[in-house]
Amino acid sequence: MEIMLIEENFQKEVLESDIPVLVDFWAEWCAPCLMIAPTIEEIAQEYSGRLRVGKLNVDENPTIAAKYNIRSIPTLLIFKEGKVIEQIVGALPKEALKSKIEVILPMELKEIKKEIRRGLEKYTKESPYKFNPDKKKVDLILSGLAKRKKELGFAYCPCRVPSGNKEEDRKIICPCAYHKEEIAKDGICLCGLFVRKER
Ligand code: SF4
């Protein structure tokens, strides 16, 4: 649900927020503002807990509108740690707005895990390898990969230690440079995520 922003609560609700805040600068007479209002409402619901969404009527709060140099509406500003990190002027379609938001929001571990799973599932379709039939093990390794991606930016193999050398470490991004050799030898990669399809 959106927060109705006014000059008195702007500092607390926006500038001191511990999560990013999208502020919709709008006015009652502005047709495009009314047009995107349902989208803003949906965004508030969909991103609840990750993104705070507020509406600020520029006629009733001219000081804030002036402070942020709002020259036309609708204007959407995204604040993070009290600073404007994105400005969107005009009525953007929902999907375009969502892709801008996605870039800004830190991904949750479970989303990173899902994304990694999707990528590696695709790999199993195109390669002679499949996931280990032991689903618990697969889940554990995917969690390890997600954790590393969140912390280090890349899905480094959870069974190996990154050296800090980018070129070298590229080789241990899953599926690593070594898994084919390991599967040819032992029928399974070092972590146990992939096995040969005939197994
Ligand atoms: S050993 Fe297996 S899990 Fe680890 S990076 Fe290589 S393919 Fe991925």
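Report follows, based on the coordinates. (Residues numbered from 1 in each chain as written. Predicted model: local features only at pLDDT ≥ 70, side-chain atom pairs only at ≥ 80, totals over all residues.)

## Some remarks on the overall build of the protein
Then, number 1: Scanning the protein for helices and strands turns up 8 helices and 7 strands.
Then, number 2: Against the globule reference of 16 Å for 199 residues, the protein gives a C-alpha radius of gyration of 23 Å, more extended than a compact globule.
Then, number 3: Here the C-alpha coordinates of the protein stretch approximately 70 × 30 × 25 Å along the principal axes.
Then, number 4: Buried residues in the protein amount to 25% of all 199 residues.
Then, number 5: A separation of at least 24 residues holds for 62% of the contacts in the protein among residues at least 6 apart in sequence. (Helix = DSSP H or I, 4+ residues; strand = E, 2+ residues; numbered from the N terminus. Rg over C-alpha atoms; globule rule 2.2 N^0.38 Å. Buried ≥ 20, exposed ≤ 12 C-beta atoms within 10 Å, placed from the backbone. Contact = placed C-beta atoms within 7 Å.)

## A short note on the nonpolar core
Then, number 1: Counting residues in hydrophobic clusters, the biggest one holds 20 residues, and the most contacted among them are Val14, Leu22, Val23, Phe25 and Phe79.
Then, number 2: Elements with a minimum of two residues in this core: helix H1 (7-15), strand S2 (21-26), helix H2 (31-46), strand S3 (52-57) and strand S4 (75-80).
Then, number 3: Of the residues forming this core, the biggest block, 5 residues, is contributed by S2.
Then, number 4: Setting aside residues up to four positions removed in sequence, valine 14 forms contacts with Leu5, Val21, Val23, Gly54 and Phe79.
Then, number 5: If you look at the next biggest cluster of nonpolar residues, it comprises 19 residues, including Phe131, Ile141, Cys174 and Cys176. (Core = buried A, V, L, I, M, F, W, Y, C linked by C-beta atoms within 7 Å.)

## Some details on helix H5 (residues 109-126)
Then, number 1: Between its terminal C-alpha atoms H5 stretches 26 Å, which fits the 26 Å expected from 18 residues at 1.5 Å a residue.
Then, number 2: All of the buried residues along H5 are Ile112, Lys113 and Leu120. Here the buried residues of H5 occupy an arc of 95° about the axis, which is enough to place them on one side. In H5, the exposed residues that point more than 90 degrees away from the buried face are Lys110, Arg118, Glu121, Lys122, Lys125 and Glu126.
Then, number 3: Those residues of H5 hidden inside the fold are in contact with helix H6 (135-152). (Expected span 1.5 Å × (residues − 1). Arc of directions from axis to C-beta.)

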